[in-house]
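Residues per chain are reported as follows:
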Amino acid sequence: MRRTKVCSFDFDGTLTDCDTLIAFIVYAKGTVRFVAGLLLYSPLLVAMKLGLVPNYKVKQRVFAHFFKGMRLTDFNALCRSFAEHHRHILRPQAIQVVNRALANGAEVLIVSASIDNWVRCFVCYFGVNDEDRQHIKVLGTKVETDRNGLLTGRFTTKNCYGAEKVRRIEAHCGDRTTYELTAYGDSRGDKEMLAYADKGYFKPFRQKA
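Described below are features of the structure shown in this document.

The rules behind each value
- Residues numbered from 1 in each chain as written.
- Predicted model: local features only at pLDDT ≥ 70, side-chain atom pairs only at ≥ 80, totals over all residues.
- Heavy atoms only, no water.
- Salt bridge = Lys/Arg side-chain N within 4 Å of Asp/Glu carboxyl O.
- Helix = DSSP H or I, 4+ residues; strand = E, 2+ residues; numbered from the N terminus.
- Buried < 20%, exposed > 50% of the residue type's maximum accessible area, 1.4 Å probe, protein only.
- Phe/Tyr/Trp six-rings, centres within 6.5 Å; stacked < 30°, edge-to-face > 60°.
- Pairing = 2+ DSSP bridges.
- Axes fitted to C-alpha atoms, helices over the stretch in contact; angles between N-to-C directions.
- Polar contact = N/O pair within 3.5 Å; in protein donor to acceptor, adjacent residues only side chain to side chain.
- Contact = heavy atoms within 4.5 Å.
- 1 Å grid on protein atoms, 1.4 Å probe; cavity = no way out; pocket = protein on both sides within 12 Å on 5 of 7 lines; lining within 4 Å.
- Points joined across faces, edges and corners; volume = space filled by probe spheres on them.
- Nonpolar A, V, L, I, M, F, W, Y, C, P; charged D, E, K, R; others polar.
- Core = buried A, V, L, I, M, F, W, Y, C linked by side-chain atoms within 4.5 Å.

## Looking at the pattern of salt bridges
Moving on, step 1. Using the criterion set out here, one finds 10 salt bridges in the structure.
Moving on, step 2. A salt bridge links glutamate 144 to arginine 154; the shortest N-O distance between them is 2.8 Å. Here glutamate 144 is found in strand β4 (residues 143-145), whereas its partner arginine 154 is found in strand β5 (residues 151-155), with 10 residues between them in sequence.
Moving on, step 3. In this structure, arginine 168 engages glutamate 164 in a salt bridge whose closest nitrogen and oxygen atoms are separated by 2.9 Å. Of this pair, arginine 168 and glutamate 164 both sit in helix α10 (residues 163-173), 4 residues apart, roughly one helical turn.
Moving on, step 4. When its relative accessible area of 10% is taken as the criterion, arginine 168 is described as buried.

So this is what it looks like as structure tokens:
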């Protein structure tokens, strides 16, 4: 039986040349407020680096600090604007590889610890038409809202990092024997995904064109 082709890509640092959580906060709140927030949470960030506090807890606290109470509609509009003004952060070689995968009939998964609201807004910069883009699925970290449509500052999913990336791929693709997986990543948060794949590429798009 011929197996389906699936290509999974990390987002931050793999498809992009920066960490989009940081870039998004700076875009939304400005450099001064970003630095002030960074200083406020510096003890927590140090504890995370030392392995004393889980990555997802720190990320959730920082996200809540900047965005808790914002209307989801306003947040989504901000995400669209961010992507429109930051399309330059996408690595040209990464775009080429994604487009080649789509042309070869593969399903493309963007598997990211970043918030899927803004990651989805970059999908329009891949492929050559809407039909292509229908074969791109974002598996990211999802935000929680209250009944009034306001961000609570919490996440409804686990942080899509490490082993969680593999779990998300499994949940989306089903029986592992039915598809051939090629994965692309750039950090320790991608190790499990790269090991799980039939073919794994680490920091593949950083060489000069």
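## Looking at the packing of aromatic side chains
Moving on, step 1. Counted by the stated rule, this structure contains 17 aromatic pairs.
Moving on, step 2. Centroid distance phenylalanine 63 to phenylalanine 155: 5.6 Å. Interplanar angle 50°. Geometry classified as tilted. Of this pair, phenylalanine 63 sits in helix α5 (residues 55-67) while phenylalanine 155 sits in strand β5, and the two are 92 residues apart along the sequence. Of the two residues examined, phenylalanine 63 and phenylalanine 155, each falls in the buried class.
Moving on, step 3. Geometrically, the ring pair formed by phenylalanine 67 and phenylalanine 75 is edge-to-face, given 5.6 Å between the ring centres and 70° between the ring planes. Here phenylalanine 67 and phenylalanine 75 have matching classes, each one buried.

## Some details on the sheet that holds strand β1 (residues 4-9)
Moving on, step 1. Spatially, the 5 strands line up as an open sheet ordered β3-β2-β1-β6-β7, and their pairing is parallel. Sheet topology places β3 (136-141) and β7 (199-202) at the edges, where each strand pairs with a single neighbour. Neighbouring strand axes in the sheet, compared pairwise and without regard to direction, differ in orientation by 15° on average.
Moving on, step 2. Across 5 bridges, strand β2 (residues 107-115) lies against β3 in parallel orientation. Counterpart to valine 108 in the pairing with β3 is isoleucine 136.

## Some details on unusual backbone geometry
Moving on, step 1. Unlike most non-glycine residues, lysine 203 shows phi in positive territory, near 50°.
Moving on, step 2. On the secondary structure map, lysine 203 appears in the segment after β7.

## Digging into the side chain of threonine 141
Moving on, step 1. Within the fold, threonine 141 resides in strand β3.
Moving on, step 2. Among the residues examined, threonine 141 registers a relative accessible area of 0% and is labelled buried.
Moving on, step 3. Of the polar contacts made by the side chain of threonine 141, one reaches the backbone oxygen of alanine 113; its length is 2.8 Å.
Moving on, step 4. Engagement of the side chain of threonine 141 in a polar contact is seen with the backbone nitrogen of cysteine 160, the distance being 3.2 Å.
Moving on, step 5. What threonine 141 contacts, discounting residues up to four positions off in sequence, is Lys59, Ser112, Ala113, Ser114, Ile115, Asp116, Phe155, Thr157, Lys158, Asn159, Cys160 and Arg168.

## Some thoughts on the layout of surface pockets
Moving on, step 1. What the second largest pocket holds in volume is close to 270 Å³.
Moving on, step 2. Those elements that provide at least two residues to the lining of the second largest pocket are β1, α7 (92-103) and β6 (179-185).
Moving on, step 3. Of the residues in the lining of the second largest pocket, the class split is 6 nonpolar, 2 polar and 4 charged.

## Observations concerning the nonpolar core
Moving on, step 1. Residues Phe9, Phe67, Phe75, Ile110 and Trp118 are the most contacted members of the largest nonpolar core, which totals 47 residues.
Moving on, step 2. Here phenylalanine 67 is in contact with Phe24, Ile25, Ala28, Lys29, Phe75, Leu78 and Leu151, once residues within four sequence places are set aside.
Moving on, step 3. With 13 residues, the next largest nonpolar core counts Val6, Leu139, Tyr179 and Leu181 among its residues.

As far as function goes, none of this settles anything; it's purely spatial.
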